[in-house]
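Commentary on secondary and tertiary structure
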Amino acid sequence: MTLGKLQPLAPYLRRYQKSFWQGALAVLLYNLSKIAIPLIIGHAVDDMQHHGPAGIVLRSVWALLGVAAVAAVCLYASRWILIGASREIEFDLRNDLFRNLERQSLSYYHSQRTGDIMARMTNDLNAVRQLLGPAIMYSANTVVYTAAAIPLMLRISPRLTLWAFLPLPVASVLVQYVGRRIHTRFERIQAMFSDISAKAQENFSGARLVRAFAQESSEIEHFEEANREYIRRSLLLVRLMAMLWPTLEFVLGIAIVVTLFVGGREVALHSITPGQFTSYMVFMVQLTFPMIALGYVVNLFQRGTASVVRIDELLRQQPAIKDESGRAAGETPLVPRGAIEFRNLSFSYGAGGDVLRDVSLTIPAGSSLAILGPTGAGKTTLVNLIPRLLDAPAGQVLIDGLPIREWPLEDLRRAIGFVPQETFLFSSTIRENIAFGVASAMEEEILAAAETAQIAREIQEFPNGFDTVVGERGITLSGGQKQRTAIARALLRQPRILILDDALASVDTLTEERILQGLRSAMQDRTTILIAHRVSTARTADRIAVLGNGRIAEYGTHDELLARGGFYADLYAKQQLEEEIAVSS
Ligand SMILES: Nc1ncnc2c1ncn2[C@@H]1O[C@H](COP(=O)(O)OP(=O)(O)OP(=O)(O)O)[C@@H](O)[C@H]1O
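Cut-off values and rules
- Residues numbered from 1 in each chain as written.
- Predicted model: local features only at pLDDT ≥ 70, side-chain atom pairs only at ≥ 80, totals over all residues.
- Pairing = 2+ DSSP bridges.
- Helix = DSSP H or I, 4+ residues; strand = E, 2+ residues; numbered from the N terminus.
- Buried ≥ 20, exposed ≤ 12 C-beta atoms within 10 Å, placed from the backbone.
- Contact = placed C-beta atoms within 7 Å.
- Domains from an automatic or database assignment.
- Nonpolar A, V, L, I, M, F, W, Y, C, P; charged D, E, K, R; others polar.
- Expected span 1.5 Å × (residues − 1).
- Near = placed C-beta within 6 Å.
- Axes fitted to C-alpha atoms, helices over the stretch in contact; angles between N-to-C directions.
- Parallel < 35°, antiparallel > 145°, perpendicular 65-115°, else oblique.
- Left-handed = near helix turned anticlockwise from the far one by under 90°.
- UniProt positions renumbered as here; feature names shortened; annotations may be inferred.

A few words now on the sheet that holds strand β5 (residues 402-403). Pairing is antiparallel across the open sheet formed by four strands, whose spatial order is β2-β1-β4-β5. The outermost strands of the open sheet, each flanked by one partner alone, are β2 (354-363) and β5. Relative to β2, strand β1 (residues 340-348) runs antiparallel, the two being bridged by six bridges. Within β2, the position partnered with F347 by the bridge is L356.

With that out of the way, let us pick up the pairing of strand β3 (residues 368-372). Within β3, five of the five residues are buried, leaving the element largely enclosed by the surrounding structure. In terms of strand pairing, β3 meets strand β8 (residues 527-531) through four bridges, oriented parallel. Residue L369 lies in a different strand from β8, and its bridge partner there is I529. Pairing between β3 and strand β9 (residues 543-548): four bridges, direction parallel. Looking at the pairing, L369 lines up with R543 of β9.

What follows is about the environment of L101. Its location among the elements puts L101 in helix α4 (residues 54-103). A residue is classified by how many C-beta atoms lie within 10 Å of it, and L101, with 18 of them, is partly exposed. The spatial distance from the C-alpha of L101 to the C-alpha of Y280 is 55 Å, given a sequence separation of 179 residues. Those residues in contact with L101 that sit more than four places away from it in its chain are I117 and L314.

For the chain, the domain assignment lists domain 1 (2-316), domain 2 (335-415 + 496-585) and domain 3 (424-494). With centres defined by C-alpha atoms, the gap from domain 2 to domain 3 works out at 25 Å. Taken residue by residue, the interface counts 11 residues in domain 2 and 11 residues in domain 3. Mapped onto the side of domain 2 that touches domain 3, the elements with two or more residues apiece are β7 (497-501) and α18 (509-522). With six residues, α18 is the single largest residue contributor to the side of domain 2 that touches domain 3. A per-class count over the side of domain 2 that touches domain 3 returns seven nonpolar, three polar and one charged.

This paragraph deals with helix α21 (residues 567-584). With 18 residues, α21 extends 26 Å from end C-alpha to end C-alpha; this agrees with the ideal 26 Å at 1.5 Å per step. Judged by how many residues are buried, α21 sits mostly at the surface: one of 18 residues are covered.

Our next topic: the site of the ligand. Every one of the 13 residues lining the ligand counts as a neighbour, but Y349, T375, K379, T380 and T381 are closest to it. In terms of residue count, the dominant contributor to the shell around the ligand is helix α12 (residues 379-384) (three residues).

Despite not being glycine, A214 shows a phi value in the positive range, around 50°. With respect to the secondary-structure elements, A214 resides in the loop between α9 (207-212) and α10 (216-268). Positive phi values are uncommon outside glycine, yet N549 reaches one of about 55°. Tracing the chain through its elements places N549 in the loop between β9 and β10 (551-556). Look at N549 and you get partly exposed, because 14 C-beta atoms sit within 10 Å.

Within the open sheet, the six strands sit side by side as β6-β7-β8-β3-β9-β10. Their pairing is mixed. Each edge of the open sheet carries a strand with a single partner, namely β6 (416-419) and β10. Taken over all neighbouring pairs, the strand axes of this sheet differ in orientation by 15° on average, direction set aside. Across the face of the sheet, helix α17 (residues 479-492) comes into contact with β6 and β7 while running at roughly 175° to β6. With respect to the sheet, α21 is in contact with β3, β9 and β10, its orientation differing from that of β9 by roughly 100°.

Next up on the list: the packing of helix α15 (residues 443-452) against α17. Contact pair α15 / α17: the axes reach a minimum separation of 8 Å and the direction vectors enclose 130°. Taken together, the axes of α15 and α17 lie oblique to each other. Remark: the crossing between α15 and α17 carries right-handed chirality. In contact with E445, I446, A449, A450 and T452 of α15, α17 contributes A488, L491 and L492. Taken together, the residues of the contact of α15 with α17 sort by class into six nonpolar, one polar and one charged.

Per the UniProt record, the feature "transmembrane region" (unreviewed entry) sits at residues 20-41, 61-82, 131-154, 160-179, 236-261 and 281-301. From the first C-alpha to the last, residues 160-179 spans 30 Å; its make-up is 90% helix and 0% strand.

Axes are the key here: two packed helices are described by the angle between their axes and the distance separating the axes. Contact pair helix α3 (residues 17-49) / helix α11 (residues 274-316): the axes reach a minimum separation of 7 Å and the direction vectors enclose 155°. When the axis of α3 is compared with that of α11, the two are roughly antiparallel. Here the hand of the crossing between α3 and α11 comes out right-handed. Contact residues: α3 offers K34, I37, P38, L39, I41, G42, H43, V45, D46 and Q49, while α11 offers P274, G275, Q276, T278, S279, V282, F283 and Q286. Tallied by class, the residues present in the contact of α3 with α11 amount to eight nonpolar, eight polar and two charged.

Once that is clear, we can look at the pairing of β8. Buried residues dominate β8, accounting for five of its five residues. Side chains T527, I529 and I531 of β8 all project onto a buried face; the interleaved residues T528 and L530 project onto the opposite face, where all are buried too. Relative to β8, β7 runs parallel, the two sharing five bridges. Bridge pairing in β8 places I497 opposite T527.

See below:
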């Protein structure tokens, strides 16, 4: 049953089977040379007994040296090949994990903790590597050595072998019993490690909040609690392991005592020679390490199996949103004109009620639409459906008249410039952040995008200009600077559809006006959707939709909506008043 759990590793093992065969050959040669050592020593002892010429012992010395040298080379080769293969598989697995995580849709990351994913990619991957490297190598050595030694030991004395091996089943039962417990304990440890990683990660990401609320000591306390639990669980494993090793050594020690007792009697009765007895003893001593290693291997094996299961969960995770167009890779990309239609669209996040209700809206290609509405009305949800960050029910969102799911996902997303509500910048230079996703971006294009987004001048004033590193490793941009960098990033793609989700919220009205002016020329004949809270932003759009409680409450041009006297007109009046107060004060 446990072996079944390792099934996910089969393709990887197959890929490197050549290395494993070569490693097996090295293991075989190593153990064959090792097995010669007791035989040579036995011969030497018997030769000494028979008072042969001194040169005979010297011959054994040379033979031992030669065999030891061959064994050393083979041991080196087996380690190099087998541990090397485990590293190669680790490399492949890590890449596959990352690839699959990159395919997951946004909702996956909303339902998973980053720390947990990170723990699986580090600790669990390490446990799997140890299973594939040291565990396989040590068990191969144990199996080959035991298989080769037993016939030789039987040849010396079947009776002695029977007695000497009598304690060994005890060791095997012990190892199996403890192994199962190691497995469960290790699973619990890994789960706790994920918790700790998640806690630490959330604290680093939320550093600002923790400081602002002066929650450091309470967070430290919570962390300590989790850490204590992790150590408590680890100690349970340590106790088990601490018991396993000495018990194994004790059992093997008994085997040696039995050998000495029974073997000694056989020598006294002349059924075996002192040389044969010596060989036998060396066999037993040489067997000790592989037997003890078995305990270690069981540990690695159980930990590795628990980790394979956890890694396989990530590998098997299917993306909730994927390409359904059936387009083959390498086909010429499709470029939409940019007409967007929501047709009787209703959307819910699952358990809750509908967030969007019967929304019908057409945005002609090349036109602009502003969306306004109270907080929580569903504005972000609506625009997230366009690049399929969320999936609308089939047939309710159409691009150029074609249901959105029939569009090749990559082509669709490439045609969209998206500025999310919360800006994210990578820990790299501003240039790289703006050029994200456009590998061929020219210097002038980056500059032009930054100029339109009204951020170029500020960037140029930084000591390193566009080469300034931002994010975790570099300087922190202000909220408005981040938003404008994100706008430049979206513009550089020259998208057919530009979506700005409240992207002007952190800039002052003057800068906002300038950005909108720049956008107007940059976005001519591109479809633009602007989520806004200010009428001053919304009025620049061809059409304005007011979303209320998931429905389109108002729709029309600026003038039409003013004439209607609804939410939009109220907002306009309120914001006009605010402006007048601001000017007069
Ligand atoms: N991932 C999610 N899972 C469940 N519910 C969600 C999720 N994201 C948003 N919601 C809910 O959907 C509703 C609409 O949210 P949405 O973010 O679309 O509103 P919004 O109009 O953009 O608000 P704001 O102006 O505050 O950004 C809210 O009630 C919100 O709680």
